[in-house]
Amino acid sequence: MRKAIVAVVGRPNVGKSTLFNTIAGKQISIVQDTPGVTRDRIYAEASWLNYHFTLVDTGGIEPVSDDILLKQMRSQAELAIETADVIIFVTDVRSGVVDADYEVANMLRKSKKPVVLCVNKVDSVKKFGNDIYEFYSLALGEPFAVSSANHMGIGDLLEEVVKHFPKEGEAEEEDDRLKIALIGKPNVGKSSLTNKLLGENRVIVSDIAGTTRDAIDTEIIHNGVPYVFIDTAGLRRKGRVTEEIERYSVIRTVSAVDRADICIVLLDATEGITDGDTRIAGIAHESGKGVILAVNKWDLVEKDDKTMQEFTKKLREKFSYMDYAEILFISAETGQRTQKIFEMVDRIHENQVLRIKTGVLNEIMARATAMKQPPSDKGKRLKLFYITQASVSPPTFVIFVNDRELMHFSYTRYIENQIRENFGFRGTPIRFIIRERGEEK
Ligand SMILES: Nc1nc2c(ncn2[C@@H]2O[C@H](COP(=O)(O)OP(=O)(O)OP(=O)(O)O)[C@@H](O)[C@H]2O)c(=O)[nH]1
Ligand SMILES: Nc1nc2c(ncn2[C@@H]2O[C@H](COP(=O)(O)OP(=O)(O)OP(=O)(O)O)[C@@H](O)[C@H]2O)c(=O)[nH]1
């Protein structure tokens, strides 16, 4: 099931960030530990009761003048409308309804997106209760009185929000088709690649029901096997605040990756590797999904017999934390090597679901520890007792040790390399859970 996206919009200073923090609680998920990934708080994975959703904060509008303010608010609301499933429109009981609120309310209403109207800073119902009525004039339905600062009214607000979520099982049936997200910065050729693949293969359905307008799902049959490609369509950039575009592009990528089994990170061969690429690859890496780094527009590159090798080397350096990723040089324009994608995706999927017998794993580990002694600290040496595979997609291994503290990242990496030497697992990350013996499962 795709996670719902909830966006918080409203004028500056009405308390959007405070509400965001209150809803997200401690669950704020900043993409961490991956170089190049922005540390700014862009979104949070939030949950309420049994509902899980992605919460998007909007902010940072500097009210230079009323004109500019209005323009920026419009642009912000437009982005939210294009991307979110539900919009929380935040207003401020202390300032009452102001002109800018009417403007935004009109846009939101016209969009036909579910909107939940939040009247914030109602710290005391006794004191402010009567001031809530005027918010009915925004014609967005019932206003929900909230005090974000005091965590009041949040439950009622969220109850209304989750009512608008796509219903479980409504669009999604058992679906064992492989899903492939095409991600990458603007203009790298995502749409061109989809079109090329479409042109060269049999197409059954496009625009599958149950998907949002921002990501277009296309089913492509190749050698009789159906694949679903998720294309993250570009956002129009005219007159938009750049950071906001960035923010929503990230959300779209996250959402597409979330639904996919394998991500194809497209890069533009003519531009080399940019920060934008690193950020997007980081999202794929953190997700645990399969990854192909596809260098597109290869037709535009002047090359000799070393060019591909040199580019590969640069990729491996820049993306050293994801050396499992497969690399492909393609041209969405000429179709060069684009058909290889299917073969590669199949192979990666086989690796994602590969299970290794416990006996074999323990043999590999025994050999590995004999070849390279485990580290020790303050006279205590790391002992690895037992390894077993706990799950697939991504393949996850549990290693039982005497002291978790002694299991350094570099030694885990060494064990990973030993496993990869034997089984490859190309294209998929593999994960390790380190447990001390005697600990409960
Ligand atoms: N009394 C009261 N103050 C609040 C409440 N929620 C937020 N505030 C205050 O309102 C001010 C603005 O809050 P923010 O959460 O930063 O507002 P914002 O809408 O994110 O502002 P921008 O980032 O400028 O768009 C801060 O001083 C908050 O402490 C509330 O429920 N009650
Ligand atoms: N020469 C060449 N041009 C390409 C190739 N792939 C894409 N292009 C061109 O690059 C431009 C951008 O391609 P799009 O497919 O629109 O890129 P996109 O990633 O979907 O862009 P957004 O929608 O902005 O995210 C177009 O002019 C394409 O014709 C390629 O392999 N070779």
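Here, every reference points to the structure presented above.
Just so it is clear, the structure is predicted and the values come from calculations on it, not from any experiment.

A separate point is the packing of helix H1 (residues 16-24) against helix H5 (residues 154-163). The contact between H1 and H5 brings their axes to 12 Å, and the two run at 85 degrees. Considering the angle they form, H1 stands roughly perpendicular to H5. From H1, Leu-19, Thr-22 and Ile-23 reach across to H5, where they touch Ile-154, Leu-157 and Leu-158. The class makeup of the residues in the contact of H1 with H5 is 5 nonpolar, 1 polar and no charged.

Further remarks concern the packing of aromatic side chains. Inspection of the entire model under this criterion finds 12 aromatic pairs. With 5.9 Å between their ring centres and 75 degrees between their planes, Tyr-51 and Phe-165 make a pair best called edge-to-face. In this pair, Tyr-51 sits in strand E3 (residues 51-56) while Phe-165 sits in the loop between H5 and strand E7 (178-183), placing the two residues 114 residues apart along the sequence. A relative accessible area of 36% places Tyr-51 in the partly exposed class. Relative accessible area serves as the criterion here: at 7%, Phe-165 is assigned to the buried category. Following the ring pairs from residue to residue traces out a cluster consisting of Tyr-51, Phe-53 and Phe-165.

Tallying each qualifying case throughout the model produces 19 salt bridges. Here Glu-103 ties to Arg-74 by a salt bridge, and the two come within 3.1 Å at their closest N and O atoms. In this pair, Glu-103 is assigned in helix H3 (residues 99-111) and Arg-74 in helix H2 (residues 66-83), connecting sequence segments 29 residues apart. Close ionic contact of Arg-413 with Asp-323 constitutes a salt bridge, the shortest N to O distance being 2.9 Å. Placement of the pair is Arg-413 in helix H12 (residues 409-423) and Asp-323 in the loop between helix H9 (307-318) and strand E13 (326-329), with a sequence separation of 90 residues. Given a relative accessible area of 32%, Asp-323 falls into the partly exposed group.

In the vicinity of ligand 1 there are 15 residues, among which Asn-13, Lys-16, Ser-17, Thr-18 and Asp-123 approach most closely. Between ligand 1 and the protein, one listed contact pairs an oxygen atom with a backbone N or O atom of Val-14 at 3.3 Å. In the environment of ligand 1, an oxygen atom lies 2.7 Å from a nitrogen or oxygen atom belonging to the side chain of Lys-16. Considering ligand 1 on its own, with 650 Å² of exposed area, one finds that the protein chains cover 69% of that surface. Ranked by residues supplied to the shell around ligand 1, first place goes to H1 with 3 residues. When its residues are assigned to classes, the shell around ligand 1 shows 3 nonpolar, 7 polar and 5 charged.

Once that is clear, we can look at the nonpolar core. By size, the foremost hydrophobic cluster in this structure holds 64 residues, and its most contacted members are Phe-89, Leu-108, Val-265, Leu-293, Leu-315 and Phe-319. Both domains that furnish three or more residues to this core are identified here as domain 1 (4-163) and domain 2 (178-352). Setting aside anything within four residues of it in sequence, one finds Phe-319 in contact with Leu-267, Ile-273, Asp-277, Thr-278, Ala-281 and Leu-293. In terms of nonpolar packing, the next biggest core, distinct from the first, is built from 26 residues, Leu-19, Trp-48, Ile-88 and Val-146 among them.

The next subject is the sheet that holds strand E2 (residues 43-48). An order of E2-E3-E1-E4-E5-E6 is seen for the 6 strands of this open sheet, with the pairing classed as mixed. Lying at the two open borders of the sheet, with one neighbouring strand each, are E2 and strand E6 (143-145). The sheet shows a mean angle of 30 degrees between the axes of neighbouring strands, direction not considered. Taken together, the 3 bridges between strand E5 (residues 115-120) and E6 define a ladder with parallel strand orientation. By the bridge assignment, Leu-117 is partnered in E6 with Pro-143. Contacting strand E1 (4-10), strand E4 (86-92) and E5, H3 crosses the sheet at an angle of about 165 degrees to E4.

Another aspect to go through is the environment of Glu-271. Within the secondary structure layout, Glu-271 lies in the loop between strand E11 (262-268) and helix H8 (275-287). Each C-alpha atom of the pair Glu-271 and Lys-297 lies 9.8 Å from the other, and the pair is 26 residues apart in sequence. A polar contact of 2.8 Å, which involves the side chain of Glu-271, links it to the side chain of Lys-185.

Moving on: H8. With 13 residues, H8 should reach 18 Å at 1.5 Å per residue; the first-to-last C-alpha distance of 19 Å fits that figure. Turning to H8, its buried residues are Asp-277, Thr-278, Ile-280, Ala-281, Gly-282, Ile-283, Ala-284 and His-285. Phi for Gly-288, located one or two positions after H8, is positive at around 80 degrees.

This part takes up the site of ligand 2. Taken together, 15 residues lie around ligand 2, and Lys-190, Ser-191, Ser-192, Asp-299 and Ala-332 are the ones closest in. Taking Asn-187, its main chain carries an N or O atom lying 2.9 Å from an oxygen atom of ligand 2. Contact between ligand 2 and Ser-192: an oxygen atom at 2.6 Å from a side-chain N or O atom of the residue. In terms of residues, the shell around ligand 2 owes the most to one element, helix H6 (residues 190-200), which gives 3 residues. Looking at the shell around ligand 2 residue by residue, the classes come out as 4 nonpolar, 7 polar and 4 charged.

Reading guide: rules and limits
One numbering rule holds for all chains: residues counted from 1, following each sequence as written. Written order decides the labels, with chains lettered from A and ligands numbered from 1. The predicted origin of the model limits local features to residues at a pLDDT of at least 70 and limits the giving and counting of side-chain atom pairs to 80 or more, whereas totals for whole chains, interfaces and linings rest on all residues. Only hydrogens and water are removed before side-chain values are computed, so all heavy atoms of the structure are retained for them. Note on method: axes are straight lines fitted to C-alpha atoms, helices fitted across the in-contact stretch only, with angles between N-to-C directions ranging 0 to 180 degrees. Numbering of helices and strands runs from the N terminus; a helix is a DSSP stretch of H or I covering at least four residues, while a strand is a stretch of E covering at least two. Orientation is classified from the angle alone, with under 35 degrees giving roughly parallel, over 145 giving roughly antiparallel, 65 to 115 giving roughly perpendicular, and any other angle giving oblique. What makes two residues a contact is simply this: any of their non-hydrogen atoms within 4.5 Å. The residue classification treats Ala, Val, Leu, Ile, Met, Phe, Trp, Tyr, Cys and Pro as nonpolar and Asp, Glu, Lys and Arg as charged. All others, Gly included, are polar. Aromatic pairs are defined between Phe, Tyr and Trp rings, using the six-membered ring for Trp, whenever the two ring centres lie within 6.5 Å; interplanar angles under 30 degrees are classed as stacked, those over 60 as edge-to-face, and all others as tilted. In this scheme, a residue with accessible area under 20% of its type's maximum is buried, one over 50% is exposed, and one in between is partly exposed, where area comes from a 1.4 Å probe on protein chains only. For salt bridges, the criterion is a side-chain nitrogen of Lys or Arg within 4 Å of an Asp or Glu carboxyl oxygen. In these notes, residues near a molecule or strand are those with any non-hydrogen atom within 4 Å of it. Distance and chemistry together define a polar contact, namely a pair of N or O atoms within 3.5 Å, with one atom able to donate a hydrogen and the other to accept it when in protein, and with adjacent residues in sequence counting only for side-chain atoms on both sides. Residue exposure ignores everything except the shown protein chains as possible cover, and the areas themselves are Shrake-Rupley values with a 1.4 Å probe. Here the nonpolar core consists of buried residues drawn from Ala, Val, Leu, Ile, Met, Phe, Trp, Tyr and Cys, with membership extended through side-chain atoms lying within 4.5 Å. Here the limits of each domain have been adopted from an automatic or database domain assignment. For two strands to be treated as a pair, DSSP must find at least two bridges joining them. Here the expected length of a helix is defined as 1.5 Å per residue gap, with one fewer gap than residues.

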